[in-house]
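Summary of structural features
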Amino acid sequence: MEEKLRVIIDDRIEKLVLPSGIPPTVEELQTTVKEKLGISEEFSLQYLDAEFGDYFTLHKTDQIKHKDTIKIVYAAPIILNLQQVDESFDISFGQQSTDCDSVSHAESSASNAESSASRDVPIPFFPSRYRFRYLCCGYRPIPIVADTDASIFGSIGAISDTGIGIGTTLSASNAESSAGTSSSQDTIILPRQRSTTERCQPWPKQFPIPQFAYETEMYLERADEDYKKNGTLLTASKVKTDILEKLVENIYMYTAYPSSAQICDVAEALVNKYPCLKEPGSFSGYYGWQQSLKYKMANYCTKLRGYGYVQCLEAQGPCRPDIAKNVKKPRKAEVNYLPPYPAGEDEESQEQERIQLLTEVRKRDNKLIKEKMAKTFAHRRNEIVNQSPTMEDIKARWPALFEASNVSYKCMVIRNIPLQLSTMSFTVSQVNLESKFMSKLDQYSPRLLNLFHAKGGTMGLRLQTILLKAPSSPTINDTRDMVIRCLMLYLGESADQLFKEYDDADEDSVAQDLAVQDMKIYSIQSNVSEGAEDIGIVIDGTKVLTALGNFTRACAMLIGLMYAVNLAYPKELRYTFEAFQKLFLELDCSKLSPKVNSLKSKLLA
């Protein structure tokens, strides 16, 4: 007997049809969910309990029935934090070993080396929240160091990217025997090390004032005490240089080009933490600090340009005009707009990784694809920003960039939003793209609908036309689609500039029309009676994403693509995309156009 289940996956809802009924075991149900919904990651299942109205872990399939709701909860990755074992600790452990009570430390080490080939000790599994040193009585402890060359781990049989698994063995051989033996089991593939110059977080809501030099902190502490006692303000000439230098270094951790509002945030945070630094003649108490930080930041970027750091090169910089020619400032709050190559990597080595990636894309190994996309992020950004290739060329060279499972992830890296289009998470901006977009859209929808219904005049009539087209019992996707179309009209722009719909049209004529479109979200209704619909994105006449399911998700993916391939917002839709970015994704939301700022004020009123 056929049964159906409602499946919640993050911010989307799917219908699962089970022709043979609900499987007898949870494991079989998980396997069916993976096959039907195309999920490769590990997950657990929860069901909606009617009695409590909340989700509980599913232990037996008889806890659910036809048309019940289940929820997919992805398993959190297990991260193993390793610490280096000091040599002093190594020696002290050897002295305390029960096998060493009657022999010297040297004799014990020799004995262990002789028996190392046959004495392998299983490493138990430890949760990721614990740091550990695994020391086995009778063995010389082997130093384990995180983020170093993999050769140091010659004595460890295998470590997966999610941590050390059950059954992994730690050999008791010493450094010499480890160095003398090499095999595929002695090699560990470590995760990509983030470059020290790669940004990993967006501008904070409250700027954290760093700790200054010891003498500066001592000087400020005494000055604060005097300020609290008698209101005496500090003449900061003695420590001003140290304060400014430390502040601009921390500003640069977030952006090379801070806006006036961001500089103001830093100056305000400084005087709030150290009230003695307020300026008596300033209307705000920190205007002088703002100006000093502005010029100090410019000097700091000039200093970095002298070292050839590309992100600080001006559009027509005199130092390296060959590189600086096409380099622009980030305009959409990108954190890693143009990151440098990782340590030990260059254009040639990264190009080899890209070629290997083309092979992995054919294998559909999503896990390895994400790892290699993350590793080649700097190479991809340098190519896209500096060379400005066509969309067709980008798709040919980086096909994995145009998978919906990768777009959200990769926008995240450019913007550090976690865009790969659904995970596009290498960080340009550090935000989880799709879930953030949907949650903010749902949050503002009631207030937006009130604004649309209250609008009068010609625009009010046009809004009512869209609102009246809604079905009597709209789904959440219907409501989202209606809100976005009304929002575009409310901002004075046309939905026809973004959406293109084809109802039962000829396939050849559709292809010809899409080939001349600059940027569109299209919908092809191939068979009206069956309701078959393909929703996707076309850029420069090239289909870049297909089968996205609904217009709202396509809007979120389009934002991610524009970050990932460095596209500017179309002039005819600049307010719509500004609202998407600054209201729904909350990126660079401190600087708004008058029209979007007015809308935001009404939403928050």
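Quick caveat: nothing in here was measured; it's all calculated off a predicted structure. (Residues numbered from 1 in each chain as written. Predicted model: local features only at pLDDT ≥ 70, side-chain atom pairs only at ≥ 80, totals over all residues. Heavy atoms only, no water.)

1. Remarks on the overall build of the chain
When its secondary structure is counted, the chain shows 21 helices and 12 strands. Within the chain, the proportion of its 605 residues that are buried is 44%. Total accessible area on the chain stands at roughly 31,900 Å², and carbon and sulfur atoms take up 50% of it. (Helix = DSSP H or I, 4+ residues; strand = E, 2+ residues; numbered from the N terminus. Buried < 20%, exposed > 50% of the residue type's maximum accessible area, 1.4 Å probe, protein only. Areas by Shrake-Rupley, 256 points an atom, 1.4 Å probe, with all protein chains shown as cover.)

2. Things to note about the pattern of salt bridges
Once the charged atoms of two side chains with opposite charge are near each other, the side chains can pair. As enumerated under the stated definition, the model contains 18 salt bridges in all. Put simply, E41 and K370 hold a salt bridge, and the shortest N to O gap is 3.6 Å. Of this pair, E41 sits in the loop between α1 (26-37) and β3 (43-49) while K370 sits in helix α11 (residues 366-375), and the two are 329 residues apart along the sequence. On the basis of relative accessible area, E41 is assigned to the partly exposed category, the value being 34%. Among the salt bridges present, the one from K65 reaches D68, with a minimum N-O distance of 3.6 Å. Owing to a relative accessible area of 15%, D68 belongs among the buried residues under this scheme. Linked by salt bridges that have partners in common, E351, R354, E383 and R397 make up one network. (Salt bridge = Lys/Arg side-chain N within 4 Å of Asp/Glu carboxyl O.)

3. Thoughts on the environment of L599
Within the fold, L599 resides in helix α21 (residues 594-604). According to the relative accessible area criterion, L599 is buried, its value standing at 1%. As a C-alpha pair, L599 and L451 span 148 residues in sequence and 9.4 Å in three-dimensional space. Ignoring any residue separated from it by four or fewer positions in sequence, one finds L599 in contact with L448, L451, L487, Y490, L491 and L583. (Contact = heavy atoms within 4.5 Å.)

4. Thoughts on the packing of aromatic side chains
What characterises a pair of aromatic rings is the spacing of the ring centres plus the angle enclosed by the ring planes. Tallying each qualifying case throughout the model produces 13 aromatic pairs. A centroid spacing of 5.9 Å and a plane angle of 65° characterise the contact between F207 and Y254, whose relative ring orientation is edge-to-face. Taken together, the positions of F207 in the loop between α4 (175-180) and α5 (214-230) and Y254 in the loop between α6 (240-252) and α7 (260-273) put the pair 47 residues apart, joining distant regions of the chain. Among the residues examined, Y254 registers a relative accessible area of 8% and is labelled buried. Note on F580 and F584: the rings are 6.0 Å apart at their centroids and 25° apart in plane angle, and the pair reads as stacked. Of this pair, F580 and F584 are both found in helix α20 (residues 574-584), four residues apart, which corresponds to roughly one turn of the helix. (Phe/Tyr/Trp six-rings, centres within 6.5 Å; stacked < 30°, edge-to-face > 60°.)

5. A few points about the sheet that holds strand β2 (residues 12-18)
The strands that make up a sheet pair up through hydrogen bonds in the backbone, lying either parallel or antiparallel. One open sheet holds the five strands; their spatial order is β2-β1-β5-β3-β4, and the pairing between them is mixed. Sheet topology places β2 and β4 (54-57) at the edges, where each strand pairs with a single neighbour. The sheet shows a mean angle of 35° between the axes of neighbouring strands, taken without regard to direction. Direction of pairing for strand β1 (residues 3-9) relative to strand β5 (residues 69-74): parallel, over a ladder of four bridges. (Pairing = 2+ DSSP bridges. Axes fitted to C-alpha atoms, helices over the stretch in contact; angles between N-to-C directions.)

6. Quick word on the nonpolar core
The nonpolar side chains of soluble globular proteins are, as a tendency, buried together. Formed by 68 residues in total, the largest nonpolar core has its most connected members in F437, F452, I521 and I537. The greatest single-element share of this core, amounting to 11 residues, is contributed by helix α19 (residues 551-564). Ignoring sequence-local partners within four residues, the contact set of I521 consists of L498, F499, K500, I535, G536, I537, F551, A554, C555 and L558. (Core = buried A, V, L, I, M, F, W, Y, C linked by side-chain atoms within 4.5 Å.)

7. Regarding the packing of α6 against α7
With their axes 12 Å apart at the nearest point, α6 and α7 run at an angle of 130° to one another. Taken as axis vectors, α6 and α7 run oblique relative to one another. The hand of the α6/α7 crossing is right-handed. Across the interface between the two elements, I243, L247 and I251 from α6 touch I263, V266 and L270 from α7. (Parallel < 35°, antiparallel > 145°, perpendicular 65-115°, else oblique. Left-handed = near helix turned anticlockwise from the far one by under 90°.)

8. Details of unusual backbone geometry
Residue D540 is not a glycine yet carries a positive backbone phi of 55°. Structurally, D540 is set in the loop between β11 (532-539) and β12 (542-545). A positive phi angle, close to 55°, is found at E586, a residue other than glycine.

9. Let's talk about the pairing of β2
In the sheet, β1 pairs with β2 via seven bridges, with the strands oriented antiparallel. The residue of β2 that forms the bridge with E3 is L18. Following β1, the chain reverses through two residues before pairing antiparallel with β2; D10 in that reversal takes a positive phi of roughly 55°.

10. Description of the environment of V266
Relative to the helices and strands, V266 is located in helix α7. Placed 18 residues apart in sequence, V266 and V248 show a C-alpha to C-alpha distance of 9.6 Å. Not counting residues within four places of it along the chain, the set of residues in contact with V266 comprises W203, F207, I209, L247, I251 and L293.

11. Quick word on the environment of F577
You can see F577 is positioned in helix α20. Expressed as a C-alpha distance, the spacing of F577 and M488, which sit 89 residues apart in the sequence, is 9.4 Å. Dropping the residues within four chain positions of it, F577 is found in contact with L498, M519, L558, I559, M562, Y569 and P570.

12. Some points on the side chain of K440
Looking at the secondary structure, you find K440 in helix α15 (residues 433-454). A polar contact of 3.2 Å, which involves the side chain of K440, links it to the side chain of Q443. Beyond its immediate sequence surroundings of up to four residues, K440 is in contact with L583, F584 and E586. (Polar contact = N/O pair within 3.5 Å; in protein donor to acceptor, adjacent residues only side chain to side chain.)

13. Some details on α19
Over its 14 residues, α19 extends 20 Å from the first C-alpha to the last, a length consistent with the 20 Å expected when each residue adds 1.5 Å. Counting buried positions along α19 yields 14 of 14 residues, so the element is predominantly enclosed. By the N-cap criterion, in which a side-chain oxygen at the helix start approaches the backbone nitrogen of a residue two or three places on, α19 is capped by N550, the distance to T552 being 3.3 Å. Following α19 by one or two positions, N566 adopts a phi angle in the positive range, close to 60°. (Expected span 1.5 Å × (residues − 1).)

14. Overview of the packing of α15 against α21
Relative orientation of the contacting elements α15 and α21 amounts to 110°, with a least axis distance of 9 Å. Here α15 lies roughly perpendicular to α21, going by the angle between them. Together, Y444, R447, L448 and L451 of α15 and L599, K602, L603 and L604 of α21 make up the contact between the two elements. Looking at side-chain class alone, the contact of α15 with α21 contains six nonpolar, no polar and two charged residues. (Nonpolar A, V, L, I, M, F, W, Y, C, P; charged D, E, K, R; others polar.)

15. Topic: the confidence of the model for the chain
Looking at the chain as a whole, its pLDDT mean stands at 74, while 68% of the residues score no less than 70. Summarising per-element confidence for the chain, the mean pLDDT is lowest in strand β7 (residues 169-171) (37) and highest in helix α17 (residues 476-490) (94). Low pLDDT, under 50, characterises residues 409-430; the stretch is placed with 183 contacts to residues that sit more than four places away or in other chains. (pLDDT = per-residue confidence, 0-100.)

16. As for α15
Taking 1.5 Å of rise per residue, 22 residues should cover 32 Å, and α15 covers 31 Å from first to last C-alpha, within 8% of that figure. The largest bend in α15 comes to about 45°, at S445, with the proline P446 one to four residues further on. Every buried residue of α15 is accounted for by L433, E434, F437, M438, K440, L441, Y444, S445, L448, L449, L451 and F452. (Bend = angle between axes of the 7 residues up to and from the residue.)

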